[in-house]
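# A closer look at the structure
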Amino acid sequence: MFHWLEKNPFFFAVVVFLVIAFAGVVTILPNFSEASQPIKGLKPYTVLELAGKEVYKKDNCLSCHSQLIRPFKSETDRYGQYSLSGEYAYDRPFLWGSKRTGPDLHRVGNYRTTDWHENHMWDPKSVVPDSIMPAYKHQYTNMADIETAYAEAVTVKNIFKTPYGPEIAEGKAAFEKHFKDVVLPEAKMITAGMKKADIKAMVDSGEIPEIVAIIAYMNRLGNKRTQ
Amino acid sequence: MQSNAGMEYDYSIVKLFLWTTVIFGIVGMLIGVLIAAQLAYPELNYLLGEYGTFSRLRPLHTNVVIYGFTLSAIWASFYYSGQRVLKVSIAESKFLSILIKVHFGLYIIAAAAMVVTLLMGITASKEYAQMEWPLDIVIVLIWVIWGVAMFGLIGIRREKTLYISMWYYIACFLGVAMLYLFNNMALPTYFFSGGLGNIMHSVSMYSGTNDAMVQWWWGHNAVAFVFTVPIIAMIYYFLPKESGQAIYSYKLSLLSFWGLMFVYLWAGGHHLLWSTVPDWVQTMSSVFSIILILPSWGSAINMLLTMKGGWNQLTENPIIKLMVLASTFYMLATLEGPIQAVKSVNAIAHFTDWIPGHVHDGTLGWVAFMAFAAVMHMAPRVFKREIYSKSLLDAQFWLQTVAIVLYFASMWIAGITQGMMWRAVDEYGNLMYSFIDTVSVLHPYYVIRALGGFLYFVGMLMFAYNFYKTATSGRKLETEPQFRSPMA
């Protein structure tokens, strides 16, 4: 049979395809719908937090940080309750990472605060002298892309039924209203905990720097998922 | 088998891919050295403003060495050996002649767009699948074109039986196509929100645990179908052609091929041990990772035994040296991987530097060595010139071998040290080390790794120079060399 296949490339390709596709079907499909269920009370990310998640992706924090606490005592002692599948239900993409050059961040919101991040992201060595994490000063001057984050919220609401309220709706007008009524006030709550005057001034003038968004995102990682 | 005599093959596309192999190799490895050094000396993060941080550059390193360096080498090898084992020239078909130009042109455009977008931080953030949706579409197009070229050549072939290498190229084409398509399923948010935001942005079709499953089904098998399958295709062709030895066992190649096809895909879950994916999936992936040793070692042993009776060539021919050491590193990496996939070992190894250490056993020792050997075998036949310098090739081989040892030894130690420190507890059961303790202790190993990477990069430059000189000013050859490549 193998000899026959070697002379018949088309059937050869078909057989190879079936053989390699098999494992994916068997391992991924059975748990697919169960694995997408949220834990009770899980709230979707706010638009500001989604924008922060985009900064997290853009500056690729996941190249050094995991968001997956494994069920070992040494990990739960260090980071808190081990991670549950349902906590990730609104994470598109998943951001587990594969390398822990820095600590896990899945519950960092439980033990780090806005002002701590403000100092640490500006210059990690000033907070932890031996740190090898890069400083992310450009996040204090680059503006977060709130509109794209809003577009993402609209998309996941419409397509995946992520439970956002009626204020998340298509179109520019809905976005501008949401920005003014919800996103800016939320950003001001973050800057209230920060010291840098120029950041406060930017938000007061209606612009949101990346650092504000990423802090909002990091504050959310932890118990605030369900609060 | 008909004889090769009188066949003229069309190497125009092979030459182009040979050059891009060398260029992407230099660029990708240079970035690799930089990011390795950044972990030892964080000040190096600020050379290029926001574009020069470790985190921005790391995906650039992986993407350039995978999709630049490795894919170029694979395609050069495919278009070279494909014509020869099928006994057909690309020039015989007008359609294929044009198609391969489109293949190369689109590839260069995609590569340039990849570098720019990744530097800007436009990323889907899934490992080895960072490129955003417009690039994904171009990549799918390139892949389809390659498929058409491959099956087009097969369609007009004179040699009816497909040689072993062709099995692997076909599998590479199908495997990557399937995995890439499923893993990159994403919705461009601009079109689902009434025209809001950045048009490049997309959101994954899968969430959380499911996304992780699909990603590592891809991630692991990108290793399978880019770093393993086509590289085996290369060695099955180039080792017998360079050594003049016949493949040791046809049965073993058959067993290894079908075994690899069936087993590899199950093992993806071993990237997710102790995570929130179902326990049975984790255990299955562990078990299949162990079974994977069989087909992997099957291929490697088949290669090593092919040299039976011809081991003297190992001392005389640096190209043979490269290929034999590549097989050996393949054996090492395919033993190391399954060990790391045992759940109790994984509990310590996962998230540590032992993992990149393992990857580089495979990529530096197996993939790149095989690529260097393939390029050096093709160069004299494609450019019809003698290889510029044997001693340079030899020196490169030894330098890079030392470099790999520095790399993996330091990363083994670093990984296990850190893994043990994370879990160490004192007599009262409290954690002994703060996280930063487990970072500071790694400094010397990061320095050694960066040094290893630097030496490997120097070897890459030696290789590039040797290649450049061969292509432009090597002594002209009258007839195509049979077997052993001529070197000055």
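Residues numbered from 1 in each chain as written. Chains lettered and ligands numbered in written order. Predicted model: local features only at pLDDT ≥ 70, side-chain atom pairs only at ≥ 80, totals over all residues. Heavy atoms only, no water.

### Section: helix H6 (residues 208-227) of chain B
Residues and elements named next belong to chain B. Here H6 spans 27 Å end to end across 20 residues, near enough to the 28 Å set by a 1.5 Å rise per residue. Of all the bends found along H6, the most pronounced is centred on asparagine 221 and spans about 30 degrees. Of all 20 residues that make up H6, 19 are buried, and the element is covered over most of its length. (Helix = DSSP H or I, 4+ residues; strand = E, 2+ residues; numbered from the N terminus. Expected span 1.5 Å × (residues − 1). Bend = angle between axes of the 7 residues up to and from the residue. Buried < 20%, exposed > 50% of the residue type's maximum accessible area, 1.4 Å probe, protein only.)

### A word on the interface of chain A and chain B
A common way to report how large an interface is uses the accessible area buried once the components associate. Taken together, the contacts link 88 residues of chain A with 92 residues of chain B. Of the roughly 7,800 Å² buried between chain A and chain B, counting both surfaces, carbon and sulfur atoms make up 68%. Among the residues of chain A in contact with chain B, A:Glu6, A:Ile20 and A:Arg78 are the three that bury the most area, contributing 9% of the side total. Across the contact surface, chain A and chain B share 2 salt bridges. (Contact = heavy atoms within 4.5 Å. Buried area = accessible area lost by both parts, 1.4 Å probe. Salt bridge = Lys/Arg side-chain N within 4 Å of Asp/Glu carboxyl O.)

### Remarks on a nonpolar patch on the surface
Residue and element names in this part refer to chain A. Judged by side-chain polarity, Trp4, Phe10, Phe11, Val14, Phe17 and Leu18 come together as a nonpolar surface patch covering roughly 630 Å² of accessible area. Here the nonpolar patch gets 5 residues from one element, more than from any other, and that element is helix H2 (residues 9-28). Structurally, phenylalanine 11 is set in helix H2. (Patch = residues over 30% accessible without salt bridge, like charges linked within 9 Å, V, L, I, M, F, W, Y side chains within 5 Å. Areas by Shrake-Rupley, 256 points an atom, 1.4 Å probe, with all protein chains shown as cover.)

### Notes on the pattern of salt bridges
Residue and element names in this part refer to chain A. Under the counting rule described, the total for this entry stands at 25 salt bridges over all chains. A salt bridge links glutamate 210 to lysine 58, with the shortest nitrogen-to-oxygen separation between them at 2.8 Å. One end of the pair, glutamate 210, is in helix H11 (residues 210-220); the other, lysine 58, is in helix H4 (residues 47-58), and 152 residues separate them in sequence. The buried category is assigned to glutamate 210, whose relative accessible area is 3%. For glutamate 75, the salt bridge is made with arginine 100, and the minimal N-O distance between the two is 2.7 Å. Residue glutamate 75 is found in helix H5 (residues 73-79), and its partner arginine 100 is found in the loop between H5 and helix H6 (114-122); the two are separated by 25 residues along the sequence. Using a relative accessible area of 1% as the deciding quantity, one classes arginine 100 as buried.

As far as function goes, none of this settles anything; it's purely spatial.
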